[in-house]
Amino acid sequence: MNDTNRISRARFSRMLLCSLAFSWLAACGGEGATASPDQESIGLRGAMQFKLVPEAPLVQGENDLRLTLRDAETGAVVEGALIEVTAIMPAMGHEATFAPSIEDAGDGAYAVRGLALSMPGRWDVHVRVEHQGTIDEVHFFYDVP
């Protein structure tokens, strides 16, 4: 074997090792990372600020959460909104078994009761809000052990 082939194989081996290490690190971070239980975000349309906090660690089965809504521009609480919360498990392609009940708790807070997560894994919790003709929505990701 000549020196050129030896160098090419060594370079290829290093590149392969670096590619594998990068792929492994990418899989460990970003959307695949364990999500914080308390999540806050501006909606996809930029109108509202959403904060979703589980009342206890999420489990397989029914879960209760607290949703807080504020106007993204003024910071004013959003009261009397129509809210829809759904959960989808992207890996399995199915939704949560039952829609949760949503109760207005006042001061821009809403109780989300009985969000049924039927199995362990990553869940996409989609919150859609309509308030005084404005519609906004957000996706929060939760990992259920």
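As the structure is a prediction and not an experimental result, all values here were calculated from the model.

**Describing the sheet that holds strand E4 (residues 82–89)**
The sheet built from four strands is open, its strands ordered E5-E4-E8-E9 with antiparallel pairing. Only two strands of the sheet have a single neighbouring strand rather than two, namely strand E5 (94–95) and strand E9 (134–144). Of the strand pairs in this sheet, E4 and E5 are connected by two bridges, and their pairing is antiparallel. Pairing of Met89 across the sheet is with His94, part of E5.

**Section: the nonpolar core**
One finds Phe50, Leu67, Leu69, Ile83 and Val127 to be the most contacted residues of the largest nonpolar core, which totals 26 residues. If you list the elements that add at least two residues to this core, you get strand E2 (48–54), strand E3 (61–71), E4, strand E7 (109–117), strand E8 (121–131) and E9. Apart from the residues lying within four places of it in its own chain, the contact partners of Val127 are Phe50, Leu52, Leu67, Ile83, Glu84, Val85, Asp136, Glu137 and Val138.

**Describing the pairing of strand E1 (residues 39–42)**
In the case of a regular strand, side chains alternate between the two sheet surfaces. As defined by bridge partners, E1 adjoins E2 across four bridges and the pair is classed as antiparallel. Bridge pairing in E2 places Ile42 opposite Gln49.

**Things to note about the confidence of the model for the protein chain**
Predicted confidence across the protein chain gives a mean pLDDT of 83, with 75% of residues reaching 70 or more. Low confidence marks residues 12–34, where pLDDT is under 50. Its contacts with residues over four positions away, or in another chain, come to nine contacts.

**Topic: the environment of Ser118**
Tracing the backbone shows Ser118 in the loop between E7 and E8. The exposure class assigned to Ser118 is partly exposed, which follows from its relative accessible area of 31%. Measuring from C-alpha to C-alpha, the distance between Ser118 and Gln60 comes to 5.6 Å, with 58 residues separating the pair along the chain. In this view, Ser118 contacts Gln60, His94, Thr97 and Trp123; residues no more than four positions away in its chain are not counted.

**Overview of unusual backbone geometry**
Positive phi outside glycine occurs at Asp107, with the angle close to 55 degrees. Considering the arrangement of structural elements, one finds Asp107 in the loop between strand E6 (101–106) and E7. When its relative accessible area of 57% is taken as the criterion, Asp107 is described as exposed. Positioned with a positive phi, Gln132 is a non-glycine residue whose angle comes to about 50 degrees.

**Side note on the pattern of salt bridges**
Counting across every chain of the model gives four salt bridges. Of the charged contacts in the structure, one is a salt bridge between Glu137 and Arg45, with a shortest N-O distance of 3.4 Å. With a gap of 92 residues between them, Glu137 in strand E9 and Arg45 in the loop between E1 and E2 connect regions that are remote in the sequence. Among the residues examined, Arg45 registers a relative accessible area of 53% and is labelled exposed. Residues joined in a network through salt bridges with shared partners are Glu55, Asp64 and Arg113.

**Quick notes on the sheet that holds E1**
Here five strands make up an open sheet; going across it, the order is E1-E2-E3-E7-E6 and the pairing antiparallel. Bordering the open sheet on either side are E1 and E6, each of which pairs with just one other strand. Each strand of the sheet is rotated relative to its neighbour by a mean of 25 degrees, with strand direction disregarded.

Calculation rules
- Residues numbered from 1 in each chain as written.
- Predicted model: local features only at pLDDT ≥ 70, side-chain atom pairs only at ≥ 80, totals over all residues.
- Heavy atoms only, no water.
- Pairing = 2+ DSSP bridges.
- Helix = DSSP H or I, 4+ residues; strand = E, 2+ residues; numbered from the N terminus.
- Core = buried A, V, L, I, M, F, W, Y, C linked by side-chain atoms within 4.5 Å.
- Buried < 20%, exposed > 50% of the residue type's maximum accessible area, 1.4 Å probe, protein only.
- Contact = heavy atoms within 4.5 Å.
- pLDDT = per-residue confidence, 0-100.
- Salt bridge = Lys/Arg side-chain N within 4 Å of Asp/Glu carboxyl O.
- Axes fitted to C-alpha atoms, helices over the stretch in contact; angles between N-to-C directions.

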